[in-house]
Amino acid sequence: MTSKQTLLGETMVMLADNLVADFDVVELLTMLADRCVSILGVSAAGLMLLGPDGNLRVIASSSEQMHLLELFELQTEQGPCLECFQDGVPVTQLDLSTSLERWPRFAAEALANGFHSVHALPMRLRGTVVGALNL
C-alpha cells in the first residue's frame with residue numbers, strides 16, 4: 001500500500017471517528033483541507049460553506065495564503081468557488097493566466113500569489129449545494 005493510500009485510509013477513519021464524537025467542525029474541515037493537499041498533491045485547499053445568514057464563508061484552509069485568497073474571492077464576488085457554488089458543478093481552470101476575462105480580479109490575485117490553476121468542487125448535503133472546495 002502506498003503512503004497516499006495509507007493517508008487516505010487514515011483520513012477516512014479520522015473523519016468517521018470525529019463524526020460520531022462531539023467534534024469541532026472547523027477543526028475537522030481544516031484537517032480535510034490539509035489532507036487534500038497531502039493526498040492530491042495540490043498546493044493548497046480551502047473550503048467555503050453557506051452560513052446561517054445565507055452567505056458563503058471561508059471555513060477552513062490549508063494555508064494563510066489560501067485563506068486570504070478565498071476571502072478576496074468573496075470580497076470581489078468572483079472566482080471559481082463562487083461559480084462552482086452558484087452552478088453546482090465542478091469548475092476547472094488549468095491556466096489562470098487565460099481566465100483574466102472570466103475572473104479579472106481573482107485570477108490576477110491568484111497568479112500574484114503563485115497559484116496557476118484551480119479546481120473547485122461543490123460540497124453537497126442531501127443533494128443541496130452548501131459550499132465548495134477549492135484546490
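For the structure itself, consult the block above.
Below is a short write-up of the structure. This one's a predicted model, so the numbers in the text were calculated from it and none came from an experiment.

In this section: the side chain of S99. Here S99 is to be found in the loop between β3 (91–93) and α5 (104–112). Looking at S99, its side chain comes within polar contact range of the main-chain oxygen of L96, at 2.8 Å. Setting aside residues up to four positions removed in sequence, S99 forms contacts with Q93, P104 and A107.

As a further point, take the pattern of salt bridges. Per the stated rule, a full pass over the model turns up two salt bridges. When the shortest N-O distance is used, the salt bridge between R57 and D53 registers 2.8 Å. Residue class for R57 comes out partly exposed when judged on its relative accessible area of 38%. Notably, a salt bridge pairs E83 with R102, separated by 2.4 Å at the nearest N-O pair. Taken together, the residues span a long stretch of sequence, with E83 in helix α4 (residues 80–87) and R102 in the loop between β3 and α5 at a distance of 19 residues.

Interaxial distance between helix α3 (residues 64–76) and α5 falls to 9 Å at its minimum, and their mutual angle equals 165°. Overall, the two elements α3 and α5 adopt an arrangement that is roughly antiparallel. Along this stretch, α3 crosses α5, giving a crossing that reads as right-handed. Only R105, F106, E109 and A110 of α5 make contact with α3, whose side of the interface consists of L69, F72, E73 and T76. Each residue belonging to the contact of α3 with α5 can be placed in one class, and the counts come to four nonpolar, one polar and three charged.

One open sheet accounts for five strands, arranged β2-β1-β5-β4-β3; its pairing is antiparallel. Looking at which strands have only one partner, the edges of the open sheet turn out to be β2 (56–61) and β3. Adjacent strand axes in the sheet meet at a mean angle of 25°, parallel and antiparallel pairs treated alike. One ladder, built from three bridges, connects β3 with strand β4 (residues 118–125); its direction is antiparallel. Paired with Q93 across the strands is V118, a residue of β4. Against the sheet, α3 makes contact with β1 (46–50), β2 and β5 (128–134), and its axis sits at roughly 170° relative to β2, the strand it touches most. Across the sheet, α4 is in contact with β1, β2, β3, β4 and β5; its angle to β5 comes to roughly 160°.

What counts, and at which threshold
- Residues numbered from 1 in each chain as written.
- Predicted model: local features only at pLDDT ≥ 70, side-chain atom pairs only at ≥ 80, totals over all residues.
- Heavy atoms only, no water.
- Helix = DSSP H or I, 4+ residues; strand = E, 2+ residues; numbered from the N terminus.
- Polar contact = N/O pair within 3.5 Å; in protein donor to acceptor, adjacent residues only side chain to side chain.
- Contact = heavy atoms within 4.5 Å.
- Salt bridge = Lys/Arg side-chain N within 4 Å of Asp/Glu carboxyl O.
- Buried < 20%, exposed > 50% of the residue type's maximum accessible area, 1.4 Å probe, protein only.
- Axes fitted to C-alpha atoms, helices over the stretch in contact; angles between N-to-C directions.
- Parallel < 35°, antiparallel > 145°, perpendicular 65-115°, else oblique.
- Left-handed = near helix turned anticlockwise from the far one by under 90°.
- Nonpolar A, V, L, I, M, F, W, Y, C, P; charged D, E, K, R; others polar.
- Pairing = 2+ DSSP bridges.

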